[in-house]
Structures are given as structure tokens and as C-alpha cells.
There are 2 protein chains.
Amino acid sequence: MKKKPSERPSAEGRNRDGNVIAAAISVMSEKGYSGTSIQEVADRVGVLKGSLYHYFSSKEELLFRILDESHSESMVIADAVAALGLDPIDELLEYVTRQSVWYLANVERANIFFTESRNLTGERKALTKDRGLQFERHVRDLITAAQESGQIRSQLDARLLTRFVIGAMNNVRFWPSRSAGSFSDEQLVSALVELTFNGLEAQPAAHD
Amino acid sequence: MKKKPSERPSAEGRNRDGNVIAAAISVMSEKGYSGTSIQEVADRVGVLKGSLYHYFSSKEELLFRILDESHSESMVIADAVAALGLDPIDELLEYVTRQSVWYLANVERANIFFTESRNLTGERKALTKDRGLQFERHVRDLITAAQESGQIRSQLDARLLTRFVIGAMNNVRFWPSRSAGSFSDEQLVSALVELTFNGLEAQPAAHD
């Protein structure tokens, strides 16, 4: 791997990065990527614009870091669930549960994740796309394994089931702010998981 | 109802509006609302910026019209399905099918619909929110009626089922561009509807 021009090894440096990213998430989720200025992010952190550029070369790099961190957190969740050594269907169910909980706890970040990636260019765009496909592949592999062991319906192509499951997860961030506002996060996730996995269930033999 | 300041009764006028809205959808879905300029919309229509302001008072009005038309088209679909006089569950299924087909045929418009409404202000914001709630209520009423007639599971609150069904529909616009790219729109919608309604199905009596 190429060495990055500016390394950030110290705890202090990581903490400052974290503050900048949190401020960028807050501004971007309010005004959108195009409506966000580095000046406003710097104001919110309480530093001069120039010193912010010391850590992030551009607004695009900030966006990339937000998306990259989100992908990394998904992978941490996926790895932790994989380490439990469950059956494919149970691993999938546990992963969907934990990932949905994460979305609800990180709604602003998730909104940016799903709406702003089109603003990336070049290598950052390619890297982000690759990580998205890696995430998709992880879910599809679990679904394929669950189909092969007869735990979920195999009449439908695994790619369609994958879209259904990922779509349901991605959508949970909209649940609290709409008409389902009087439920706890746990109730929302539990209903989502129940409905989604009921949809996937293997069908009993046809009656006719 | 209050009379609007500028009426647009002629077919020619409606057609020009349609061209401007189509151009605005194309620019906004590429660059986001904040990144869109009226100048660029005018360039794409092939008219001067000044003449575009003759029909739309602001960029915000253009956005409002895009969202308002989308709501109207949903209501046309809902009314057409209601006129079929089906059972609640069949009406819901037919509505979800037709609305999903519409989303797939109008992906750019749907993306704007779901990501840019935060940019509205004042009365336009309130009107758009009201119409969104009206849409939500329509789906919830069908779900409640289907629950009452025992056609779908009644253990879960109708508001949660509504979020699930609307979430599944809203998400179908992402299906073609991801890993499910080799299926026709019909196959995508048919899989979505099958999985969603399988999830809603009334459960057989518990075994234990």
C-alpha cells in the first residue's frame, strides 16, 4: 500500500478528525453536500478554515471519510456476527438486526451514506463503489447459503432476495420520523426483522 | 381555493411547463437541488433564463412542482385501483404493484422526491408534508381494513406494517442499478410484491 501523505497516528489527531467528521455530518445532513461549505464545518468545530484543510484536503475527502467510516462500521458488525458461528439464516437475521440498530442510532450519517455518494469522483468513487459491492456480496453469500440449506425460499434468485433484505434494512432510517414515531428503536427493528424474514421463509409444499 | 397568480390554461403552456420540469428533473437528479442552477435548466430547455422565470418564480417552485406532480400521479394510481372495487388485500397488492412500476419508470423523479423535499420552505413545505401524510394514510387504511378482515397479520400495529410496505415500494428504485441488473422491471416488481406480501401474511395458529 502507498503511504498516505499525512498520517494521523496520535489519539489527539484521531479525536480532532472525529470532531470534524461529526460536524461535517451535521452540516451535510442539513444542507446536502452541494450546500455545505468547509467554512461552515470549520465554524461548527470552532477552528479556522485553514487549519481544517490541514487534516482534510477537500470537501470531497470529508464526504469520502464519512462514507468510508460507515462501510468500516458495517464490516465490524458483519465480522462480529460471523464470529458467532451461527447457521446462515441466523447469521443473516442477527446481522440485519444489528445493522438496522446501527442505522437508527446513526440516521444522519446513514442519510448521507445513501444520498451523497454520487458526489465522489475518481479513485474515491471507485473505492466507495467497491466497498458497497463487498457489503452486497456479504449479504448475498449468506442468503445463498441459507437457500442451499433449505432455510429460505429458493424459488427466487438470490440477487432479488438480497435487494429485498438490503432494501428493508436501508429503509429503517425512515421509520421513526414518519407515522411510526411512537415506537422504540427495538420495536421498530423487531417488526422489520419479523416482516422481512417472514417474507423470506421457505414455502410449504404447494397445495395444488 | 385561492386563485393562483399565474394561470396556465393552454395546451402549449402545459407542454412548456412539462419540458421545463423534465429538464429540472434531469439536472437535479445529476447535481442535487443545491447544485442546480436555473441557468442550467434554462440551457437544457433551450430558452433564456429570464423566460423561464416567467413560468416558475424560483428554483424552489420548480422543486415543489416536481414533488407535487409525483404526489398527484400516486393519487391517480390509487384512485384507479380503488375504482376496481377489490378486497382490501387485493387493492393493496394492486396498488403496490402499480406504484412500484411507476417508480421504476420514473427513477430520477422518484430520487428527487425522496431526497430533496427538505429544501422546501413555508407553505410549499407544509403542502408537500400534508400530501405525503395523505399517501401514508391511504396505505394504512388499506392495511387496517385487510387486518380487520383477517387477510393480513394483526399481531403487529398497522403503522409498522405501513412503514414496511411503503419502505419496500420506495426502495424498488434502487433495485435495477445494483446487483439485480439483469432482471426486467416486471420481474423486479413481481419479486418485491411476492416477498412483501409473504411477509404480511396472516400466521397459521401457533403450534405451541
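Every chain is numbered on its own, with residues counted from 1 as its sequence reads. Following the order in which they are written, the chains are lettered starting with A and the ligands numbered starting with 1. Residue-level local features of this predicted model are given only where pLDDT is at least 70; pairs of side-chain atoms are given and counted only at 80 or more, and the full residue set underlies all totals for whole chains, interfaces and linings. With hydrogens and water set aside, each side-chain value is computed from the structure's full complement of heavy atoms.

Focus on the overall build of chain A
Okay, so step 1: Looking only at helices and strands, chain A features 9 helices and 0 strands.
Okay, so step 2: Put simply, DSSP marks the helices as runs of H or I at least four residues long and the strands as runs of E at least two long, and each gets a number from the N terminus on. The linear arrangement of helices and strands in chain A, starting from the amino end, is α-α-α-α-α-α-α-α-α.
Okay, so step 3: We call a residue buried when its accessible area falls under 20% of the maximum for its residue type, exposed when it is over 50%, and partly exposed in between, using a 1.4 Å probe and counting protein chains only. Here chain A, with 208 residues, has 47% of them falling under the buried criterion.
Okay, so step 4: Note on contacts: a residue pair qualifies if any of its non-hydrogen atoms lie within 4.5 Å across the two residues. Expressed as a percentage of contacts within chain A between residues at least 6 apart in sequence, the contacts between residues at least 24 apart total 68%.

Concerning the confidence of the model for chain A
Okay, so step 1: Put simply, chain A has an average pLDDT of 87, and 88% of its residues get 70 or more.
Okay, so step 2: Confidence per residue, as judged by the predictor, is encoded in pLDDT with a range of 0 to 100. In the predicted structure, residues 1-8 of chain A sits below a pLDDT of 50 and forms 5 contacts with residues beyond four places in sequence or in another chain.

Details of the nonpolar core
Okay, so step 1: Nine residue types can take part in a nonpolar core, namely buried Ala, Val, Leu, Ile, Met, Phe, Trp, Tyr and Cys, and a core is a set of them joined through side-chain atoms within 4.5 Å. Counting residues in hydrophobic clusters, the biggest one holds 121 residues, and the most contacted among them are Leu62(A), Leu200(A), Leu62(B) and Leu200(B).
Okay, so step 2: Once residues lying within four places of it in the same chain are set aside, the contact partners of Leu62(A) are Val20(A), Ile21(A), Ala24(A), Met28(A), Ile38(A), Val41(A) and Phe56(A).

Looking at the UniProt feature "DNA-binding region" (unreviewed entry) in chain A
Okay, so step 1: The positions that UniProt labels "DNA-binding region" (unreviewed entry) are, in the present scheme, residues 37-56 of chain A.
Okay, so step 2: Along residues 37-56 of chain A the backbone is 65% helical and 0% strand, and the end-to-end C-alpha distance reaches 13 Å. UniProt positions are given in the numbering used here, feature names are shortened, and annotations may be inferred rather than shown by experiment.

With respect to the side chain of Gln147(B)
Okay, so step 1: Tracing the backbone shows Gln147(B) in helix 7 (residues 122-148).
Okay, so step 2: Look past the residues within four positions of Gln147(B) in its chain and what remains in contact with it is Ile152(B), Arg153(B), Ser154(B), Leu156(B), Asp157(B), Ala158(B) and Leu161(B).

Considering helix 2 (residues 38-45) of chain B
Residue and element names in this part refer to chain B.
Okay, so step 1: Looking only at helix 2, the buried set comprises Ile-38, Val-41 and Ala-42. The arc enclosing the buried residues of helix 2, seen along the axis, measures out at 100 degrees, which places them on a common side.
Okay, so step 2: Within two residues after helix 2, Gly-46 carries a phi angle of roughly 90 degrees, on the positive side. The arc in question is the one spanned by the directions pointing from the helix axis to the C-beta atoms.

Section: the interface of chain B and chain A
The parts lose accessible area when they come together, and the size of an interface is often stated as this lost area.
Okay, so step 1: Each side of the interface is counted separately: chain B has 40 residues, and chain A has 40 residues.
Okay, so step 2: Accessible area, probed at 1.4 Å, shrinks when two parts are joined; the buried area is that loss added up over both. Summed over both sides, the interface of chain B with chain A buries roughly 3400 Å², with 56% coming from carbon and sulfur.
Okay, so step 3: Salt bridges are counted wherever a side-chain nitrogen of Lys or Arg sits within 4 Å of a carboxyl oxygen of Asp or Glu. Applying the counting criterion to the chain B and chain A interface returns 4 salt bridges.
Okay, so step 4: The partner of Glu116(B) in a salt bridge is Arg118(A), with the nearest N and O atoms 3.5 Å apart.
Okay, so step 5: The definition of a polar contact used here is a pair of N or O atoms within 3.5 Å, where within protein one atom must be able to donate a hydrogen and the other to accept one, and adjacent residues in sequence count solely through side-chain atom pairs. Along the contact surface separating chain B from chain A lie 11 residue pairs in polar contact (both at pLDDT 80 or more).
Okay, so step 6: Counting only elements with at least two residues in the side of chain B that touches chain A, the list comes to helix 1 (11-31), helix 7, helix 8 (158-171) and helix 9 (185-200) of chain B.
Okay, so step 7: Per-class residue counts for the side of chain B that touches chain A are 13 nonpolar, 14 polar and 13 charged. Polar here means any residue other than Ala, Val, Leu, Ile, Met, Phe, Trp, Tyr, Cys and Pro, which are nonpolar, and Asp, Glu, Lys and Arg, which are charged; Gly is therefore polar.

Re the packing of aromatic side chains
Residue and element names in this part refer to chain A.
Okay, so step 1: Two rings from Phe, Tyr or Trp (for Trp, the six-membered ring) form a pair when their centres are within 6.5 Å of each other. A pair whose planes differ by under 30 degrees is stacked, one over 60 is edge-to-face, and the rest are tilted. What the rule picks out here adds up to 9 aromatic pairs over all chains.
Okay, so step 2: A connected cluster of aromatic rings, assembled from ring pairs, spans Trp-102, Tyr-103, Phe-113 and Phe-114.
Okay, so step 3: Over the ring of Tyr-33 we find Lys-59; its NZ or CZ atom is 4.4 Å from the centre of that ring. Only Lys NZ and Arg CZ are tested; either one counts as a charge over a ring when it is within 6 Å of the ring centre and within 35 degrees of the ring normal.

Overview of the relation of the copies chain B and chain A
Okay, so step 1: Copy-to-copy superposition: least squares on the C-alpha atoms, limited to residues that have pLDDT of at least 70 in both copies. If you rotate chain B by 180 degrees and push it 0.0 Å along the axis, it lands on chain A with an RMSD of 0.0 Å. A rotation of that kind, with that shift, is consistent with a two-fold axis. Across chain B, the smallest distance between a C-alpha and the rotation axis is recorded for Gly199(B), namely 1.8 Å.
Okay, so step 2: In this assembly the copies share their binding face: 100% of the residues contributing to the interface of chain B also contribute to that of chain A.

What to know about the environment of Leu142(B)
All names here are of chain B.
Okay, so step 1: Looking at the secondary structure, you find Leu-142 in helix 7.
Okay, so step 2: Residue classification places Leu-142 among the buried positions, given a relative accessible area of 8%.
Okay, so step 3: Non-local contacts of Leu-142, meaning those with residues more than four positions away in its chain, are made with Pro-88, Glu-91 and Leu-92.

Section: the pattern of salt bridges
Pairing of side chains with opposite charge becomes possible as their charged atoms draw close.
Residue and element names in this part refer to chain A.
Okay, so step 1: Within this structure, the stated rule accounts for 24 salt bridges over all chains.
Okay, so step 2: Linking Arg-124 and Glu-60 is a salt bridge whose minimum nitrogen-to-oxygen distance equals 3.3 Å. Here Arg-124, found in helix 7 (residues 122-148), pairs with Glu-60, found in helix 4 (residues 59-82); they are 64 residues apart in sequence, far enough to count as distant.
Okay, so step 3: The exposure class of Arg-124 is partly exposed, given its relative accessible area of 24%.
Okay, so step 4: In the salt-bridge network here, residues are joined through shared partners; they are Glu-30, Lys-31, Glu-40 and Arg-44.

As for the packing of helix 5 (residues 88-105) of chain A against helix 6 (residues 107-115) of chain A
Residue and element names in this part refer to chain A.
Okay, so step 1: Two elements in contact, helix 5 and helix 6, have axes whose closest approach is 5 Å; the angle formed by their N-to-C orientations is 100 degrees. Between helix 5 and helix 6, the angle is such that the two are roughly perpendicular. Together, Trp-102, Tyr-103, Leu-104 and Ala-105 of helix 5 and Val-107, Arg-109, Ala-110 and Phe-114 of helix 6 make up the contact between the two elements.
Okay, so step 2: Among the residues making up the contact of helix 5 with helix 6, the classes are represented as 7 nonpolar, no polar and 1 charged. The angle between two axes is taken between their N-to-C directions and runs from 0 to 180 degrees, where each axis is a line fitted to C-alpha atoms and a helix contributes only its stretch in contact. Should an angle fall under 35 degrees it is taken as roughly parallel, and over 145 as roughly antiparallel, whereas 65 to 115 is taken as roughly perpendicular and any remaining angle as oblique.

Details of the side chain of Arg109(A)
All names here are of chain A.
Okay, so step 1: Mapped onto the fold, Arg-109 is located in helix 6.
Okay, so step 2: Residue classification places Arg-109 among the buried residues on the basis of a relative accessible area of 10%.
Okay, so step 3: Discounting residues that sit within four places of it in the chain, Arg-109 has contacts with Ile-21, Ile-25, Ile-66, Glu-69, Ser-70, Glu-73 and Trp-102.

Here we look at the packing of helix 9 (residues 185-200) of chain A against helix 9 of chain B
Okay, so step 1: Put simply, helix 9 of chain A and helix 9 of chain B touch, their axes get as near as 7 Å, and they point 115 degrees apart. Like other packed secondary-structure pairs, helix 9 of chain A and helix 9 of chain B cross with a definite hand, here right-handed. Contacts from Leu195(A), Asn198(A), Gly199(A) and Leu200(A) of helix 9 of chain A reach helix 9 of chain B at Leu195(B), Asn198(B), Gly199(B) and Leu200(B).
Okay, so step 2: A class-by-class count of the residues in the contact of helix 9 of chain A with helix 9 of chain B yields 4 nonpolar, 4 polar and no charged. By definition, any crossing whose near helix is turned counterclockwise from its far helix by less than a right angle is left-handed, and any crossing with a clockwise turn is right-handed.

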